[in-house]
Amino acid sequence: MLFIRVGIGYDVHALVEGRPLILGGVEIPYDRGLLGHSDADVLIHAIMDALLGALALGDIGAHFPDHDPQYQGISSITLLEHVVRLIQEKGYRIGNVDSIIVAQRPKLAPYIMDMRMNMAKVLRVEESCVSVKATTTERLGFEGREEGISSQAIVCLIGFES
């Protein structure tokens, strides 16, 4: 018997000077980066929360607490690899991921394919199974004022009865 589980994730980080901007494991040239305990990759964080949520495994804060020094500055790609192992241990695989990054600037279109390739490799799926979109808020809200960046993701997991 086939089992389908769906999860949704959301994350937000403030933009600050003196940090690199990393989205989907890609360092993007920009005058500011995202503030966080890890590399603050808001896209991967939203995807990890969606993956964990699909199997009711909590959220990334429960798995990677921001007070734990071992996660200070860690690559979110490394954290995603851990989450994928958890999903596989539960007998599921990723069917697809659909995600969106909300940022007024910088323009992200030139980097989306690299983001998709990075994440598809870690998620162990074809690139066609990983969608990354970017949008602005037409200068509305904290994203529009360029105070931060948010991301949302939805995932489908597929499992089979043992």
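Here, every reference points to the structure presented above.
Definitions and limits used
Residues numbered from 1 in each chain as written. Predicted model: local features only at pLDDT ≥ 70, side-chain atom pairs only at ≥ 80, totals over all residues. Heavy atoms only, no water. Phe/Tyr/Trp six-rings, centres within 6.5 Å; stacked < 30°, edge-to-face > 60°. Buried < 20%, exposed > 50% of the residue type's maximum accessible area, 1.4 Å probe, protein only. Pairing = 2+ DSSP bridges. Helix = DSSP H or I, 4+ residues; strand = E, 2+ residues; numbered from the N terminus. Right-handed = clockwise from strand over helix to strand, strands pointing away. Expected span 1.5 Å × (residues − 1).

**Student:** Any chance you could explain the packing of aromatic side chains here in plain terms?
**Tutor:** Working definition: an aromatic ring pair is given by the centre-to-centre distance plus the angle between the planes. Per the stated rule, a full pass over the model turns up one aromatic pair. With a centroid separation of 5.3 Å and an interplanar angle of 80 degrees, the aromatic rings of Phe 64 and Tyr 71 are classed as edge-to-face. Residue Tyr 71 is classed as buried on the basis of its relative accessible area of 13%.

**Student:** Would you explain the pairing of strand β6 (residues 130–135) in this entry?
**Tutor:** In summary, the side chains of a regular strand alternate between the two faces of the sheet. Where strand β5 (residues 92–102) meets β6, six bridges bridge the pair, whose relative direction is parallel. The residue of β6 that forms the bridge with Ile 101 is Ala 134. In this fold, β5 hands off to helix α4 (residues 112–123), which returns the chain to β6; that crossover is right-handed.

**Student:** Mind showing me how you'd approach unusual backbone geometry here?
**Tutor:** Negative phi is the rule for most residues except glycine; trans is the rule for most peptide bonds. Pro 106 follows Arg 105 through a cis peptide bond whose omega is -5 degrees. You will see that Ala 40, though not glycine, has its phi angle at about 65 degrees, which is positive. Of note, Ala 40 is situated in the loop between β4 (33–34) and α1 (42–54). Not every positive phi belongs to a glycine, and Glu 138 is a case in point at roughly 55 degrees. Its location among the elements puts Glu 138 in the loop between β6 and α5 (141–144).

**Student:** Please explain α1 as it appears in this structure.
**Tutor:** Residues spaced three or four apart along an α-helix point in a common direction, a consequence of the helix completing one turn every 3.6 residues. For α1, spanning 13 residues, the distance from its first C-alpha to its last is 18 Å, which sits close to the expected 18 Å at 1.5 Å a residue. Counting buried residues along α1, 12 of its 13 residues qualify, which places the element largely inside the surrounding structure. Those residues of α1 that sit buried are Val 42, Leu 43, Ile 44, His 45, Ala 46, Ile 47, Met 48, Asp 49, Ala 50, Leu 51, Leu 52 and Ala 54. In the stretch just after α1, Ala 56 is the one whose phi turns positive, near 55 degrees.

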